[in-house]
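Structural features, examined
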There are 2 protein chains.
Amino acid sequence: MPELFQVLTVEEAAARFLPRIAPIPETEVVPVPEALGRVTAEDLASPMDLPAFPRSNMDGFSVRAEDTFGATEGLPAYVKIVGEVPMGQAPAVRLNPGEGAKAHTGGMLADGADAVVIVEHTQAVDATTIEVVRPVAPGENVIQVGEDVRKGQVLLAAGQRLRPQDLGGLTAVGITAVRVRRRPRVTIVSSGDEVVPPDREPGPGQIRDINTYTIGALVREAGGIPVPLGIAPDREEALRALAERAVAEGDLAVFSAGSSVSVRDITAKVISALGRPGVLVHGISIKPGKPTILALVDEKPVVGLPGNPVSAMVIAGLFVLPAIAALLGLRDPPHRTEVTAILGKNVNSIPGREDYVPVRITRRDGVLTAEPVFGKSNLIYTLVRADGLVKVPADASGIPAGERVTVRLF
Amino acid sequence: MPELFQVLTVEEAAARFLPRIAPIPETEVVPVPEALGRVTAEDLASPMDLPAFPRSNMDGFSVRAEDTFGATEGLPAYVKIVGEVPMGQAPAVRLNPGEGAKAHTGGMLADGADAVVIVEHTQAVDATTIEVVRPVAPGENVIQVGEDVRKGQVLLAAGQRLRPQDLGGLTAVGITAVRVRRRPRVTIVSSGDEVVPPDREPGPGQIRDINTYTIGALVREAGGIPVPLGIAPDREEALRALAERAVAEGDLAVFSAGSSVSVRDITAKVISALGRPGVLVHGISIKPGKPTILALVDEKPVVGLPGNPVSAMVIAGLFVLPAIAALLGLRDPPHRTEVTAILGKNVNSIPGREDYVPVRITRRDGVLTAEPVFGKSNLIYTLVRADGLVKVPADASGIPAGERVTVRLF
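Residues numbered from 1 in each chain as written. Chains lettered and ligands numbered in written order. Predicted model: local features only at pLDDT ≥ 70, side-chain atom pairs only at ≥ 80, totals over all residues. Heavy atoms only, no water.

**Let's talk about the relation of the copies chain A and chain B**
Rotating chain A by 180° about the axis while translating it 0.0 Å along that axis superimposes it on chain B, leaving an RMSD of 0.1 Å. Such values leave the two copies arranged in the relation of a two-fold axis. For chain A, the minimum C-alpha distance to the rotation axis belongs to T337 of chain A and amounts to 2.5 Å. (Least-squares fit on C-alpha atoms with pLDDT ≥ 70 in both.)

Now the structure itself:
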């Protein structure tokens, strides 16, 4: 393989590439209801205690806890109900010893009350008196001021991807707009003399572009903006022109090289010539995806994907998506969406090489089975028919049928 | 619990509600690059064989397989190279016996060739002759016409959510626009006299709206369009007016009821009066989320969520998201995004009730631990601090620390 100057493991390749990608500096402020999936650009501290007042956590009666001490079924405490605190209002009643007020879940307590007796532990004696049959401790059935979050506490750290509950957590304390990192622009160049756009009728020997669309969709899922720049022919000058545009216009440039060796060589040469430090990795011990290129051009990350659609998607998952996460300043890598399943057929591999095998998941009697979808990496429907990938680690020579495997879902 | 006329298990509740939701009839045609996450509305058949021509799967030489039969290192077959088939072009050469042509990965074979000898199994003798040291069978190293998909074959069935590789599978066969189901409109009404919009300063006893934003974001993630209708006060007439609008304008209406019993009673009453058949489920044996309402009003699904933000999100995950999937006609429920982890602390439960416990996932030495985030279901930051939920099944009285549990990720 003269084209590959040094074949690295996946871990070595990642270590040489990903830590050198800095978050993009630009941020923007977006309204909270539109911030789903965006990544926070700064620590957000709470401007207030939440809740801001002691809230009843149950329906019942707010009381002075000491008035209930020692109460039992046989010897109940008698409490005079002197009023009610309606939802969303300040209490109009103040309790004297032996008095209580009707309380609603989420409402305030009466002035002077420090606990709530739940309605199930009371019995009405007459229109204004109840028996309390169990004692409550001070603070019982009450959510204290700041129990959810305290004023000044960090609500969300910088670098967190906003989930539904995070948006609710922000509106709860009155934060209605949030500073997030700008979405990274990811330029995508397909290359190959055989590749034509999908709306064109391919001539003999020609195929329609796939990678622009699969990679574009992956970029969108990861929080980037795909910027497809079209198809470059297998000539160095033409590819160079498009490559320069890709690096200039993108925060990350992704090339999907042609599938033949000569074209891959052109791609590597063009990327090397774009700027410093240039190619960091060329060739990874992985199947599919060996002829991968990872580069840095004037601080901008560049990924050269193999042209085969299956290889391109596997490599994009391992390097393009983490590169986008790095550009977003994402603090924790997203928890992988994985399921455990029983491998349905033997999978062979070569020790020293990390393999990714597409599998289809079926459920029989509640047990998940991962059926390998074998197919050449030229075949996009190998992935369409699959639900995820099983990794065969570099130190294994395969996985026998019947083993438990972790499936990384698409 | 006089408010709940019959408490059902989660499965019973789902069985009574979800099968009655029909897919919305309207569809629309969208360009493939914008179709990520949309759901197909019809079976899509391939208009062509893919690939449309036999493609070389390797770099090497296209040959007549029979010319290589019996070839070995000691007794190689000699093949005269009479030309090259460039990428993206029809072959200009026709092979006579004993002849071959240079082939590129993804390119066509020469006319008359039926196999490809990989370059590693050849040796150059002179400028136009190679030695082949291993025989190839007919079809070897060749992707046959229709090997990826055949003309007329169903590419994607109706009811599939489009993933990146599905988009690439469509462009590969020249499908550039796809008929998908219209996104369901999900109207959302918050209620409660204590609830104010997030941009308003709450008075004493008031809190800011959370559920409109958490539920809206969940709806968006599931492929629906959230339509927030605002906050209804705890008066029957006011709530009824907004509820009628919610059912009229939405394909699915979601109410987040106030948290006190009286308000929940009003919500149930209003939903019952909206139309036929009305309330199907009122009360589920689950924690949090017991006072859930599931209804059908003139064929439209209606979900009454508990007002507590944690309960609201748990119940939305169990009933609102599957309802959206049903409206979209989604064929297979999405594979749950789950991880297996070791439970970090004991979790107690009551047999007969399904419990959902928020957990935070930490990784130590490669082992995932699920640490329960205990907190009242009024506290939204219980969920902000959590990565997912652990289910305690109805037949268990808890889960001891150290057990392997499945965490359903947010």
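**Quick word on the sheet that holds strand β13 (residues 185-191) of chain A**
All names here are of chain A. On the basis of which strands lie adjacent, the open sheet formed by 6 strands has the order β16-β13-β17-β21-β20-β18 and mixed pairing. Strand pairing shows two members of the sheet lacking a second neighbour, β16 (225-232) and β18 (277-282), which therefore form its edges. Neighbour to neighbour, the strand axes of the sheet diverge by 20° on average, direction disregarded. Two elements, β18 and strand β20 (residues 293-297), share 5 bridges in a ladder whose sense is antiparallel. The residue of β20 that forms the bridge with H282 is I293. (Pairing = 2+ DSSP bridges. Helix = DSSP H or I, 4+ residues; strand = E, 2+ residues; numbered from the N terminus. Axes fitted to C-alpha atoms, helices over the stretch in contact; angles between N-to-C directions.)

**So, helix α4 (residues 236-249) of chain A**
All names here are of chain A. Here α4 spans 20 Å end to end across 14 residues, near enough to the 20 Å set by a 1.5 Å rise per residue. Those residues of α4 that sit buried are E236, L239, L242, A243, A246 and V247. Projected down its long axis, α4 carries its buried residues within an arc of 140°, all on one side. Away from its buried face by more than 90 degrees, α4 exposes E237 and A248. (Expected span 1.5 Å × (residues − 1). Buried < 20%, exposed > 50% of the residue type's maximum accessible area, 1.4 Å probe, protein only. Arc of directions from axis to C-beta.)

**Here we look at the pattern of salt bridges**
Residues and elements named next belong to chain A. Going through the model one piece at a time under the given rule, you end up with 26 salt bridges over all chains. Among the ionic pairs, R240 bridges to E236, the shortest N-O distance being 2.8 Å. You can see R240 and its partner E236 sitting in helix α4, 4 residues apart, about one turn around the helix. Connected through salt bridges with shared partners, the residues E26, R182 and D251 form a single ionic network. (Salt bridge = Lys/Arg side-chain N within 4 Å of Asp/Glu carboxyl O.)

**Some remarks on the domain arrangement of chain A**
With domains assigned, chain A is organised as domain 1 (10-25 + 183-327), domain 2 (27-50 + 147-181), domain 3 (55-143) and domain 4 (338-409). Just the C-alpha atoms count here: the centres of domain 3 of chain A and domain 4 of chain A sit 60 Å apart. (Domains from an automatic or database assignment.)

**Notes on the sheet that holds strand β20 (residues 293-297) of chain B**
All names here are of chain B. The 6 strands lie next to each other as β16-β13-β17-β21-β20-β18, forming an open sheet whose pairing is mixed. Looking at strand neighbours, the two that pair on one side only are β16 (225-232) and β18 (277-282), the edges of this open sheet. Strand after strand, the sheet turns through a mean of 20° between neighbouring axes, direction not considered. Strands β13 (185-191), β16, β17 (252-256) and β21 (300-305) of the sheet are contacted by helix α3 (residues 211-221), whose axis makes an angle of about 165° with β13. The strands touched by helix α4 (residues 236-249) within the sheet are β13, β16, β17, β20 and β21, with β16 carrying the most contacts at an inclination of about 170°. (Contact = heavy atoms within 4.5 Å.)

**Topic: the side chain of D148 of chain A**
Within the element layout of this structure, D148 of chain A appears in the loop between β10 (142-143) and β11 (154-156). In this structure, D148 of chain A is buried with no salt-bridge partner, the nearest side chain bearing the opposite charge being R385 of chain B at 4.7 Å. Contacts of D148 of chain A, omitting those with residues within four sequence positions, involve L50 and P51 of chain A together with N378, L379, I380, Y381, T382 and R385 of chain B. (Lys, Arg positive; Asp, Glu negative; His and termini not counted.)

**Description of the packing of helix α3 (residues 211-221) of chain A against helix α2 (residues 164-172) of chain B**
The geometry of α3 of chain A relative to α2 of chain B is characterised by a closest axis approach of 7 Å and an angle of 155° between their N-to-C directions. Here α3 of chain A lies roughly antiparallel to α2 of chain B, going by the angle between them. Here α3 of chain A and α2 of chain B pass one another in a crossing that is right-handed. Between α3 of chain A and α2 of chain B, the contacting residues are Y213, T214, A217, L218 and E221 of chain A on the first element and P164, Q165, L167, G168 and T171 of chain B on the second. Residues that form the contact of α3 of chain A with α2 of chain B fall into these classes: 5 nonpolar, 4 polar and 1 charged. (Parallel < 35°, antiparallel > 145°, perpendicular 65-115°, else oblique. Left-handed = near helix turned anticlockwise from the far one by under 90°. Nonpolar A, V, L, I, M, F, W, Y, C, P; charged D, E, K, R; others polar.)

**Points about the pairing of strand β22 (residues 338-343) of chain A**
All names here are of chain A. Of the strand pairs in this sheet, β22 and strand β28 (residues 404-409) are connected by 5 bridges, and their pairing is antiparallel. Bridge pairing in β28 places V339 opposite V407. When β22 meets strand β25 (residues 367-372), the two strands line up parallel, connected through 2 bridges. Paired with L343 across the bridge in β25 is A370.

**Here we look at the pairing of strand β24 (residues 354-364) of chain A**
Residue and element names in this part refer to chain A. Relative to β24, strand β19 (residues 286-287) runs parallel, the two being bridged by 2 bridges. Bridge pairing links K287 to D355 in β24. Where β24 and strand β26 (residues 388-392) come together, 5 bridges link them in antiparallel fashion. Along β26, the bridge assignment pairs V357 with V390. Where β24 lies against β25, 6 bridges are found, and the strand directions are antiparallel. Of the residues in β25, the one forming a bridge with V359 is P372. Taken together, β24 and the strand that follows it, β25, pair antiparallel across an intervening segment of 2 residues, in which D365 is found at a positive phi of about 50°.

**Notes on the interface of chain A and chain B**
Interfaces are often sized by the amount of accessible area the parts lose when they come together. Facing the 81 residues of chain A at the interface are 81 residues of chain B. Roughly 6,700 Å² is buried in total at the junction of chain A and chain B, and carbon and sulfur atoms are behind 60% of that figure. Remark: the boundary between chain A and chain B carries 2 salt bridges. Of the charged contacts in the structure, one is a salt bridge between K376 of chain A and E147 of chain B, with a shortest N-O distance of 2.7 Å. Among the elements that make up the side of chain A that touches chain B, the one with the highest residue count is helix α2 (residues 164-172) of chain A (9 residues). Its residues assigned to classes, the side of chain A that touches chain B shows 37 nonpolar, 25 polar and 19 charged. (Buried area = accessible area lost by both parts, 1.4 Å probe.)

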